[in-house]
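# Commentary on secondary and tertiary structure
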Amino acid sequence: PAQVAACPGLGEDTAEVSVGIECFANSAAGFRAILKERYTDFVVNEIDLAGEVVHLTSLVPVVDNDINEKERLQRQRLVVPASAAAGPTVAAVSVEEAEPQRSNASIEERPAPAGAVEEEAVHCEVEADAPEVHASIDAEATAEASAAVHVRESALAEFTRLAGPAESERLSTFLALPGVLTRAPEGCKPPQPLFLGSSNDKAYRTSLHTFFSINFQLLTDTVSPPDEDESRGSAKEDLKRPKLCIRVHPKKHPKLKGHNSGGGGQGQKRSREENGETGTGWGGHQRWPSGVPNHLEFTLCKENKDTGDAIGILSRILHLKPKAFGFAGTKDKRGVTSQRITLYKVRATRLAKLTLHGMKVGNFQYVDRHLGLGDLKGNLFTLTMRGIEAGSEETVARAVDALTASGFINYFGLQRFGTHAIPTHAVGAALLRGAWSEAVELILRPREADKADAAAARAVYKETGDAAAALKRMPHWCVAERGLLEGLVRVKGKDLVGALGGIPRPTRTMYVHAYQSYLWNRAASERVRLHGIERAVAGDLVVDTGCAEGIVQSDDEESEDAIFSSVREVTPEEASAGVFSITDVVLPLPGSRVIYSKNLKVLYDNMCKADGVQLVGFAHAVKEYSFGFLTGAYRRLLIKTDDVKFSFARYSDPQMDLTETDLSRIASGPSMLDVSHVADQLNAGKFLALRLTFALPTSSYATMALRELMKSTTNSKVHTLMSRASESITTSST
């Protein structure tokens, strides 16, 4: 049977109760243990969509070997063969200079500079008056021009099938403009972007983005249609979606060497593209090797960094925007985690050369698509719980068996609500009820755990209300606070909604999502208190067909439609017959597309009213902070662990690593652990540890599985105190 309170003697954590984490799925006895004492005590390996566990096993970019060889042979074929009888007057043609010279169908005559030939350049010497060489180059240029025309005609034929003849004619005219595919003559204004006909069909717009990326390497974006738009694009009937159009931008051409745009023309830096810094050694995207998929996929293994921080570091080193990276899910900071990452048109060799601290990249391959959130099956956790009381092995084993049998309530963990005294869901509630000044005050309010510089900045704002003065003191790593203060300075304190817009959008979204999670946790506890976790009851919401585990949510519009239409209420007859199991039961995260049973509607309404939040519709004019604007989602009430394995280990040194990781194997070979030393520890160690391995589906928290296992809090502050106590015992006994 389900248990409501924590086990006697283990303590109920007020932090967990304050965010709705109150019940357990089984009544097995728990035990005390220290979580995350070492980074290696929390190891996470992503499980991809194919069910393969992601590991970092190689740092060598072997995937580039064949590509490099093909490129070398291609460069050799571009070089004009040398004449057997070269005279004193020759022409030096490098690979980079070959294209403009071919277009002139002639070779410039000049004396060969003695000793001036670069070591890495490929040169060919020809007789200045050799007509056969001129003819050879002229024929090759004609052949290349003919091939280019054929490629463009094929692409336009494909576009006609996609968008129709009228749009194809407009595109053909646009592509012929100087400055679109080729460099515009000096002094000419660059052409304006092309706006294609608007459409409310997302799949159609996606196909256009893909077409331009593959065929012409032109940048595109989705925008509102201009006033003169005549809706030439594809459209879906009876679909209440806005009509948007694709904007096609002319190709950006790097500045010619030796040409300056002003400023005296002295010491001007070359563009990153000319320096080969934007991608691949061929000048970035424009010279991506033919036949190679556009996305580099690699394994990122990191320690004590969350996924966003790691990507931020890589983006700064590579001079790329963070949105160029794709990943299936964010991983915990305090631990060692391995996951797959994709990057658009960047060579593996370039990443392999990076010097990184606290993380490594490897296992490179090229793929056709980028990774998006949710593109994983789950995660494999290898966890070490230290400081278990001696003689409790049987209790621990029974607790593991109970967890395997019952599963655990799929609560959002404490990390969802922040680590400060002011939880993120409190800010979210203020935003949802339109209390803008309260939201600003909560974000900038002084906090006990702040570092000195951040504390000083918060104190300045609290005492004086001077955003500019507080901004000068606020450290740069306080991204949300700095964004808000910059917004307050910009609007001079008058437009608080505009000032809140200075906070990065992912953080603003996080505040509202945290309040959704808070409501879900409280609803889950109430459901378990009333009906337990043995079976689905009448009035429960269940996933009938077509949905995966975790948060039932998708970025694909058609899949999203199918998901929302497959959730329905359990009838009394179905409940009596046991048609659905407890693992089919879901609870809603509030939004415009979710449904509620009668009892759930009353429950959610009452919780929202207590916080002054409107559950349905728009409480104010700012849609971003309203449940009427959010789609909403469903989340499973109960999650079962998979592939559970456990063992015990004894140790005397709290600083000793008890688990191998991908980082340790790469750094030290097949085994980082001294096997004989570990054997001695198993026999003579003073402390007992549990090593536990299990797999979880997406959007579930391993800390909530551990809470169920130990019947104890997952609050990091509590475990830090326990770790210090363990260290003091070790010190006093030596």
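Refer to the structure presented above.
Note that the structure is predicted; figures quoted are calculated from it, not measured. (Residues numbered from 1 in each chain as written. Predicted model: local features only at pLDDT ≥ 70, side-chain atom pairs only at ≥ 80, totals over all residues. Heavy atoms only, no water.)

How two helices sit against one another is set out by the angle between their axes and by the gap between those axes. It is the contact of helix α16 (residues 505–531) with helix α19 (residues 598–610), at a shortest axis distance of 11 Å, that shows an interaxial angle of 130°. The pairing of α16 with α19 is recorded here as oblique in orientation. Relative to α19, α16 is oriented so that their crossing is right-handed. Along its contact with α16, which presents Tyr515, Leu519, Trp520, Arg522, Ala523 and Glu526, the element α19 presents Leu603, Tyr604, Met607 and Cys608. Its residues placed into classes, the contact of α16 with α19 shows eight nonpolar, no polar and two charged. (Axes fitted to C-alpha atoms, helices over the stretch in contact; angles between N-to-C directions. Helix = DSSP H or I, 4+ residues; strand = E, 2+ residues; numbered from the N terminus. Parallel < 35°, antiparallel > 145°, perpendicular 65-115°, else oblique. Left-handed = near helix turned anticlockwise from the far one by under 90°. Contact = heavy atoms within 4.5 Å. Nonpolar A, V, L, I, M, F, W, Y, C, P; charged D, E, K, R; others polar.)

Whenever strands of a sheet pair, they do so through backbone hydrogen bonds, lying parallel or antiparallel. Spatially, β4-β6-β5 is the arrangement adopted by the three strands of the open sheet, whose pairing is antiparallel. Each edge of the open sheet carries a strand with a single partner, namely β4 (194–195) and β5 (220–223). Where β5 meets strand β6 (residues 245–248), four bridges bridge the pair, whose relative direction is antiparallel. The partner of Thr222 across the bridge, within β6, is Ile246. Against the sheet, helix α6 (residues 202–215) engages β5 and β6, with an angle of about 155° to β5. (Pairing = 2+ DSSP bridges.)

To continue, consider the packing of aromatic side chains. Centre-to-centre distance and the angle between the planes together describe a pair of aromatic rings. For the coordinates displayed, the defined rule picks out 16 aromatic pairs. Each ring, one from Phe298 and one from Phe364, has its centre 6.3 Å from the other, and the planes form 45°; the classification is tilted. With Phe298 in strand β7 (residues 295–303) and Phe364 in strand β10 (residues 359–367), this pair connects stretches of sequence that are 66 residues apart. Overall, Phe298 belongs to the buried group, its relative accessible area being 0%. (Phe/Tyr/Trp six-rings, centres within 6.5 Å; stacked < 30°, edge-to-face > 60°. Buried < 20%, exposed > 50% of the residue type's maximum accessible area, 1.4 Å probe, protein only.)

Further remarks concern α16. For α16, which comprises 27 residues, the first-to-last C-alpha distance of 39 Å matches the rise-based estimate of 39 Å (1.5 Å per residue) to within 8%. Once α16 finishes, Gly532 follows within two positions and takes phi at roughly 70°, a positive value. (Expected span 1.5 Å × (residues − 1).)

In this section: the nonpolar core. The tendency in soluble globular proteins is for nonpolar side chains to be buried as a group. Met385, Tyr604 and Leu709 are the most contacted members of the largest nonpolar core, which totals 106 residues. Residues contacting Met385, with those up to four places away along its chain left out, are Ala33, Ile34, Leu35, Leu688, Ala689, Leu690, Leu692, Leu706, Leu709 and Met710. Judged by nonpolar contacts, the second largest core, of 22 residues, contains Ile67, Leu320, Phe325 and Met359. (Core = buried A, V, L, I, M, F, W, Y, C linked by side-chain atoms within 4.5 Å.)

This next bit is on the packing of helix α11 (residues 436–444) against helix α14 (residues 479–491). Contact geometry for α11 and α14: axes closest at 10 Å, N-to-C directions at 135°. Accordingly, the angle class assigned to the pair α11 and α14 is oblique. Viewed along their axes, α11 and α14 form a crossing whose handedness is left-handed. Where α11 approaches α14, its residues Val440, Ile443 and Leu444 are matched on the opposing element by Glu481, Leu484, Leu485 and Leu488. When its residues are assigned to classes, the contact of α11 with α14 shows six nonpolar, no polar and one charged.

All right, on to the pairing of strand β9 (residues 336–344) then. Of all the nine residues making up β9, eight are buried; the element is thus mostly covered by neighbouring parts of the structure. The pairing of strand β1 (residues 42–47) with β9 spans three bridges and is classified as parallel. Bridge pairing links Val44 to Thr337 in β9. Here β7 pairs with β9 via nine bridges, running antiparallel. Looking at the pairing, Leu296 lines up with Leu343 of β9.

Bringing unusual backbone geometry into the picture now. Even without glycine at this site, Asn304 takes up a positive phi of about 55°. The phi dihedral of Asp643 falls on the positive side, at around 50°, and the residue is not glycine. In this fold, Asp643 is placed in strand β19 (residues 642–651).

Before going further, it helps to examine helix α22 (residues 702–710). Among the nine residues in α22, nine count as buried, and that is most of the element. Three or more residues of α22 are buried, namely Ala702, Thr703, Met704, Ala705, Leu706, Arg707, Glu708, Leu709 and Met710. The first or second residue beyond α22 is Lys711, which carries a positive phi of 55°.

Our focus in this paragraph is the pairing of strand β20 (residues 687–697). The element β20 is largely enclosed, with a buried count of nine among its eleven residues. Pairing between strand β11 (residues 378–388) and β20: nine bridges, direction antiparallel. In the sheet register, Thr384 faces β20, and the bridge partner there is Arg691. Pairing geometry for β19 and β20, over eight bridges, is antiparallel. Among the inter-strand pairings, Asp642 is bridged to a residue of β20, identified as Ala695.

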